[in-house]
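Structural description and commentary
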Amino acid sequence: MARKPQIVLSSLDLDRIEALLAAMPASVFPGKADLQAELDRADVVAPEEIPPNVVTMNSTVEFSIVETGKSFCLTLVYPRDLDGSADKLSILAPVGSALLGLSVGDELAWPGPGGKAMTVQVKRIVYQPESAGELHR
C-alpha cells in the first residue's frame, strides 16, 4: 500500500475536530478511529503558518478521482455548516477526512462505493481561509 502523504493541520482545526469527535460515539461515525489516526499523525502548526497549498477546514478544493477522471470542487466544512448544497463536503465524509491536510498534487487511495479503491488527487486550492487572513473563523 502506498505511503500516506504527510498532512499539515492548523492547531485551530485540530482542536475543533477533536472536540467534534469527542462528542460523537463511534457507532454514529464509523470513520472515527480513522480520522483520529489521521489527526494523530499530522504536523500541527499555528493557523498563520499553514502553507497556502494545504487543504484546511473551510477551504474550497478542486480534486479529481484518478480512476474516472472526474473533477470536483467542494468546500470542506464542519457538519453544522452543511446546508444541503451540493458544493459542501463534511469533514465526517470519507473523502472529507481524506482531503484534510493534503497539499496540492498529493494523492490518496480511498475506499470508494462498494469497497473499490479510488485515488483522490488534490488539483488546486481555490480558497483557503488562512491565506485569506481569516485565522479565527
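In case you missed it, the structure is sitting above this.
Read on for a plain summary of the structure. Note that the coordinates shown come from a computational prediction; the quantities given were computed from them, not determined experimentally.

Let us look at the side chain of Ser10. Within the secondary structure, Ser10 is located in strand β1 (residues 8-10). For Ser10, a relative accessible area of 0% gives the class buried. Within the local environment of Ser10, its side chain forms a polar contact with the backbone nitrogen of Asp13, the two atoms lying 3.1 Å apart. When neighbours within four sequence positions are excluded, Ser10 is seen to be in contact with Val44, Val45, Pro47, Ile50 and Glu130.

On to the packing of helix α1 (residues 11-22) against helix α2 (residues 32-41). Between α1 and α2, the shortest axis-to-axis distance is 11 Å and the interhelical angle comes to 155°. Judged by the inter-axis angle, α1 sits roughly antiparallel to α2. Two packed elements cross with a definite hand, and for α1 against α2 that hand is left-handed. Taken together, the residues of α2 that come into contact with α1 (itself represented by Leu14, Ile17, Glu18 and Leu21) are Lys32, Leu35, Gln36, Leu39 and Asp40. Among the residues forming the contact of α1 with α2, the class breakdown is five nonpolar, one polar and three charged.

About the cut-offs
- Residues numbered from 1 in each chain as written.
- Predicted model: local features only at pLDDT ≥ 70, side-chain atom pairs only at ≥ 80, totals over all residues.
- Heavy atoms only, no water.
- Helix = DSSP H or I, 4+ residues; strand = E, 2+ residues; numbered from the N terminus.
- Buried < 20%, exposed > 50% of the residue type's maximum accessible area, 1.4 Å probe, protein only.
- Polar contact = N/O pair within 3.5 Å; in protein donor to acceptor, adjacent residues only side chain to side chain.
- Contact = heavy atoms within 4.5 Å.
- Axes fitted to C-alpha atoms, helices over the stretch in contact; angles between N-to-C directions.
- Parallel < 35°, antiparallel > 145°, perpendicular 65-115°, else oblique.
- Left-handed = near helix turned anticlockwise from the far one by under 90°.
- Nonpolar A, V, L, I, M, F, W, Y, C, P; charged D, E, K, R; others polar.

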